[in-house]
Amino acid sequence: MGQGSTVRSWLGKQVGWRGVEWAQRCRSPLLDAWFTHSPLLGNESMYVLLCPLMAWVVDPTVGLARAFLLGTVLATFVNNAIKDILDLPRPPAKYHVDPPAHGEPGGIYEQPGFPSTHSANAFVSGLVVAKHGLGAGWLTPTSAGVLVLLHTSQVVFSRLYMGVHSLCDVTGGLFIGVGVGGAVWVLADQLDALFVTPILGLVAVLAVAAGIALVYPKPAAANTAFTECLIFAGLHGGLCLGTPSPAAVNQINAHLSRVGGGRLALELLVGGVLTLVLRQCVSSFGKMLVAAVPGGASRDKASVVREYTVLVVTAAFVARCHPSAVCASLGL
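The notes below deal with the structure included here. Keep in mind that this is a model prediction, so the values were computed, not measured. (Residues numbered from 1 in each chain as written. Predicted model: local features only at pLDDT ≥ 70, side-chain atom pairs only at ≥ 80, totals over all residues. Heavy atoms only, no water.)

1. Some details on the packing of helix α12 (residues 261–291) against helix α13 (residues 297–320)
Between two packed helices, what matters for the description is the angle formed by their axes and the separation of those axes.
Here is step 1 of the chain: One can describe the packing of α12 onto α13 by two numbers: an axis separation of 9 Å at closest approach and a directional angle of 160 degrees. With respect to their mutual orientation, α12 and α13 come out roughly antiparallel. For the pair α12 and α13, the crossing hand works out as right-handed. Touching G271, L274, T275, L278, R279, V282, S283, G286, K287, V290 and A291 of α12 are R299, A302, S303, R306, V310, L311, V313, T314, F317 and V318, all from α13.
Here is step 2 of the chain: Here the residues of the contact of α12 with α13 are counted per class, giving 11 nonpolar, six polar and four charged. (Axes fitted to C-alpha atoms, helices over the stretch in contact; angles between N-to-C directions. Helix = DSSP H or I, 4+ residues; strand = E, 2+ residues; numbered from the N terminus. Parallel < 35°, antiparallel > 145°, perpendicular 65-115°, else oblique. Left-handed = near helix turned anticlockwise from the far one by under 90°. Contact = heavy atoms within 4.5 Å. Nonpolar A, V, L, I, M, F, W, Y, C, P; charged D, E, K, R; others polar.)

Now the structure itself:
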């Protein structure tokens, strides 16, 4: 307890807003719009869009999407757990470029500041994509390094520019990103083999969710830092459980090699719409079940389980049901 207080006290002295003030010297309406919407790596909506593109177009084995989410789960858990333990402040409201509207939930502004989860996830996700690109042959070591550097830099700068993190926050996030990214680079293949193994993979997916719930320092439904961890764990778990068979992957690759751009766009549109409809239907059904649970702590826990389950089912659908097969079954 004493050591934790010492660390918090030392870090608290390092937190300042000079980095934010420096980044905001170049403020403009164009940059405001760009940095408000571009670095959405902490948002579920971005992953709901990225996972289908990765699984349906870039890598039909779903290996890239699984590695992407595995790194996100690990980096988010480490960052957010440290946030809730240290409970250091974010920059004050006068620096916020996109503050929540009056009366709306504060979102990330309600979370502690150190370390920056976006910064860690930016490095880890860039590293995962770079590794896949190197293996697939569409990136060279130089271009892979440039990809990681540019992606990470723009996300880190955006955190300062938007006034949501201090220089200390993003530095801490980068250190964690490097550590998690290195572990994912070395161990991702071995861990992935475990998660996609029948039966054992299901046990591993459930163990991750249970481990987060048991180990996280402040596991409350109202704590968005905690629910973020379960959201990404749900997406990763669903991708693992829905992994297509080698025969299905071969069929998809053969289809992608001959399909035209217009046809592919139609398939992606149909697949995206069906994914969103499925997610909404499962979510609505889950809300009905949660409403039947007695109020208080039990309902809060049921709500968290509902959110996790919705994302598992949605991600499993994305991994298992390629839109080319869906369109063929619909006669499109």
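2. Observations regarding the packing of helix α6 (residues 117–136) against helix α8 (residues 167–195)
Here is step 1 of the chain: As a packed pair, α6 and α8 sit with axes 7 Å apart at the nearest point and diverge in direction by 30 degrees. Considered as vectors, α6 and α8 are oriented roughly parallel to each other. The interaxial crossing formed by α6 with α8 has right-handed handedness. Residue-level inspection shows S119, A120, F123, V124, L127, V128, K131 and L134 of α6 in contact with α8, the latter providing V170, G173, L174, G177, V178, V180, G181, G182, V184, W185 and D189.
Here is step 2 of the chain: Taken together, the residues of the contact of α6 with α8 break down into 12 nonpolar, five polar and two charged.

3. Comments concerning unusual backbone geometry
Here is step 1 of the chain: Note that the residue after F114, namely P115, is joined by a cis bond; omega there is -5 degrees.
Here is step 2 of the chain: Within the secondary structure layout, P115 lies in the loop between α5 (63–86) and α6.
Here is step 3 of the chain: With a phi angle near 55 degrees, D87 is a residue other than glycine that sits in the positive phi range.
Here is step 4 of the chain: Assignment of secondary structure puts D87 in the loop between α5 and α6.
Here is step 5 of the chain: For I199, which is not glycine, the phi torsion reads 65 degrees and is therefore positive.

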